[in-house]
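# Structural description and commentary
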Amino acid sequence: MTAPQMPAALRHVPVADLSAADAGAEHAALGAEIAAHDAAYYREDAPLVSDAEYDALRQRYEAIEARFPELKSEDSLSQKVGAAPSEKFGKVVHGVPMLSLANAFADAEVEEFVARVKRFLNLAAEDEVAFTSEPKIDGLSCSLRYVDGRLTVAATRGDGSQGEDVTANVRTIADIPHQLAGRGVPDIIDVRGEVYMAKADFEALNARQEAAQEKVFANPRNAAAGSLRQLDPSITAARPLKFFAYAWGEASSHPAETQLGMVEAFAGWGFATNPLMIRAASAAELLAHYRKIEAQRATLPYDIDGVVYKVDRLDLQRRLGFVSRSPRWAIAHKFPAEQATTVLEDIEIQVGRTGALTPVARLLPVTVGGVVVSSATLHNEDEIARKDVRIGDTVVVQRAGDVIPQVVRVILEKRPDAAAPYDFPHLCPACGSHAVREADIKTGKVDAVRRCTGGLICPAQMVERLRHFVSRNAFDIEGLGEKQVRAFYDWGLIASPADIFTLEERNARSLQRLENRDGWGKTSAANLFAAIAGRRTVAVDRFVFALGIRHVGETNAKRLMRHYGTVEALEAGAMAAVIPGEDHPKGNEAWQEMLAIDGIGDVVAEAVIEFFHEPRNREVVAALLAQVRPAPMEQVAAESPVAGQTIVFTGSLEKMTRDEAKAMAERLGAKVAGSVSAKTGLVVAGPGAGSKLEKAQALGVKVITEDEWFELVG
Ligand code: IVH
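Here's a quick rundown of the structure. Remember, predicted model here, so these are calculated numbers, not experimental data. (Residues numbered from 1 in each chain as written. Predicted model: local features only at pLDDT ≥ 70, side-chain atom pairs only at ≥ 80, totals over all residues. Heavy atoms only, no water.)

## Topic: unusual backbone geometry
A positive phi angle is found at Asn122, which is not glycine, with a value near 65°. With respect to the secondary-structure elements, Asn122 resides in the loop between helix 4 (107–120) and strand 3 (131–137). With relative accessibility at 72%, the residue Asn122 sits in the exposed group. At Asp388, a position not held by glycine, the phi torsion is positive, near 50°. Examined against the element boundaries, Asp388 turns out to sit in the loop between helix 12 (381–387) and strand 17 (394–399). (Helix = DSSP H or I, 4+ residues; strand = E, 2+ residues; numbered from the N terminus. Buried < 20%, exposed > 50% of the residue type's maximum accessible area, 1.4 Å probe, protein only.)

Okay, structure coming up:
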């Protein structure tokens, strides 16, 4: 996912100089951008920008709202925390919302925080108020419910009022007691704190992931979030997660009257608490502690991104209360991003496994915050243009807690005369296919990312494409998963889909037989060849889906093939089509024909046409057609008990993924919808089903469990 780009010109105007109209436009654009970042960070565990850049967006957004309060509304982002919980998990409603913290960056803001607290409490400036100070751990917050001392439910923060049910996963974290021991344990208490991964554990995990050719994580925070938000608790169990307790939500009683006392009580009950937490009596003491922690930051075993100050007395906290999304009694003092200046020697374009072209700055090595940096991300083409980054420029680079450093800006005075604006390549550096920026299927906005169109021929994308090709809803070849595909590719046995079907014949003639290779034997090789042979006929819609054309998922493949019938007809239609442009504002007849298919819009049509216009893609399809005979589309079983019904799946499914559930229902002639209405025929509800289940019950729609679903459809 990519974040929409802001109108760049406006951002350089000080908020004080913005006109109301410009402020409105920028507020809306910033809101959309922040929401996209929130979704990437909280739901995908894959942030698009550094924390420092995100904070800068938020600060500007809030500054605009402060000057133009009329822009604030119920659903303004400044009233929100995090992102709505993912559909993958059951939902947990927090008894007491899980809020966020306001940020301070400069010493003066900390002094102002202390003064504000005193003013609010009607105290004189010289009166003393005690605060606590502790590291801000860079992980993800989690709320743990204990009833009679026993852990019952664990939830992520989610959007602050509803989080994701991660109980089974949390039970695998050694730092988190299943049973609280010691004095003063309330009947009910939500203990809150941070799940994190230690730096050394993160490095070791990434090394293991890399060796197993699995996803590597950008930083410990993402690794922790990705590990906790797993559907399979055994994966979480294998990841070295840790936990610090530092806060609480609902509590039937409180074991102490101060913040420090509460945290000491947590330690007494068996929780890990942060050893660097102190009590301080003034802003000066808080700032001194901040400096001390900042000096230790690089050598701490875990990542931190600042220091948190809290009013110590709980009665004062209650009086101070909350403002929008954060408590008035606490603030996060963030560390500044660490920066350095160096020379950008080259811009290299990397091709990701989905074909995204990412520019990377090659830098003259420089030390930033104790780490030698020799490359930095430039995000995308627009970012290079916006910052006007040129090869040979002297640039400011920054590390902001994350592992991937960023190029912040160019020092123009140092630009060599010969430095020319950077021309972003329009051809994929890995395979030479043309690379395009397409419009977003929903918003119509042009994507910031340029992508290679040569999916089936591009070495950077090949393994991913082959994996898709053999996957369950495509060719569904048993015994040929991601691991095997990668091995076959590395061994030089499969470099294109058609190679799968010539594997047996080539193997028979080969000196190094598959059955003698690592991980293979006579039986497994024979089974694989049998599975491949069984797929020499495959429904034509699966065939088209398997090609991995952008935006052509199962549904669109069906739509296309219901119309064209054969791969040859689809190809001919695509080849004849002219995408609308200056010369042909409405395209041509073949374009209109494709667009007239119910459910096919111009983004999908364009992707299909682009695909077939790449000659090497046509070669791949032709080679495949020489091996495989596409059969008419799969017919819906006439006796299907759910044919014609609209089905909604909700809650967490345990025996099938959502994709599988959807595909299964559609194969049986049902329609799958995302929300419950009077038209819904059946709701399949897993654990943690929330509002959809309630609505179904209110409307009297039939609700069944996942097991009952399997019984029903056999
Ligand atoms: S106190 C009512 N203490 O920072 C606020 N938060 O920006 C309770 N965090 O969501 C939070 N270390 O994930 C608190 N020592 C600490 C923290 C901490 C990290 C995170 C937490 C929270 C976010 C707020």
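There's plenty left to go through after this.
## With respect to helix 21 (residues 602–613)
If you check helix 21, its first and last C-alpha atoms are 16 Å apart, about what 12 residues at 1.5 Å a residue would give, namely 16 Å. Along helix 21, the residues that are buried comprise Val603, Val604, Ala605, Ala607, Val608, Ile609, Phe611 and Phe612. Summarising the contacts, the buried residues of helix 21 are in contact with helix 18 (554–564), helix 19 (567–576), helix 20 (589–595) and helix 22 (615–625). (Expected span 1.5 Å × (residues − 1). Contact = heavy atoms within 4.5 Å.)

## Describing the side chain of Lys558
Within the secondary structure, Lys558 sits in helix 18. Comment: no salt bridge for buried Lys558; closest opposite-charge side chain is Asp541, at 4.0 Å. Every residue in contact with Lys558, bar those within four places of it in the chain, is listed here: Asp541 and Met633. (Lys, Arg positive; Asp, Glu negative; His and termini not counted. Salt bridge = Lys/Arg side-chain N within 4 Å of Asp/Glu carboxyl O.)

## Considering the packing of helix 19 against helix 21
Across the interface, helix 19 lies against helix 21 with an axial gap of 8 Å and an inter-helix angle of 95°. Of the possible angle classes, the one that applies to helix 19 and helix 21 is roughly perpendicular. Of helix 21, the residues touching helix 19 (which contributes Leu570, Glu571, Ala574 and Met575) are Val608, Ile609, Phe612 and His613. Split by residue class, the contact of helix 19 with helix 21 holds six nonpolar, one polar and one charged. (Axes fitted to C-alpha atoms, helices over the stretch in contact; angles between N-to-C directions. Parallel < 35°, antiparallel > 145°, perpendicular 65-115°, else oblique. Nonpolar A, V, L, I, M, F, W, Y, C, P; charged D, E, K, R; others polar.)

## Some thoughts on the environment of Val307
Examined against the element boundaries, Val307 turns out to sit in strand 10 (residues 304–311). The spacing of Val307 and Gln350 is 43 residues in sequence and 36 Å in space, taken between C-alpha atoms. In contact with Val307, other than residues within four places in its own chain, are Ser133, Glu134, Pro135, Lys136, Tyr290, Ile293, Ile331, Ala332, His333 and Phe335.

## Regarding the site of the ligand
In the vicinity of the ligand there are 14 residues, among which Ile137, Arg157, Glu194, Tyr246 and Lys310 approach most closely. Note that a nitrogen atom of the ligand is positioned 3.0 Å from one of the backbone N or O atoms of Ile137. Between Arg157 and the ligand, the recorded distance is 2.9 Å, taken from a side-chain N or O atom to an oxygen atom. A total of 520 Å² of accessible area belongs to the ligand in isolation, and the protein chains cover 90% of it. Of all elements in the fold, only strand 3 and strand 10 reach the threshold of two or more residues within the shell around the ligand. (Near = heavy atom within 4 Å. Polar contact = N/O pair within 3.5 Å; in protein donor to acceptor, adjacent residues only side chain to side chain. Areas by Shrake-Rupley, 256 points an atom, 1.4 Å probe, with all protein chains shown as cover.)

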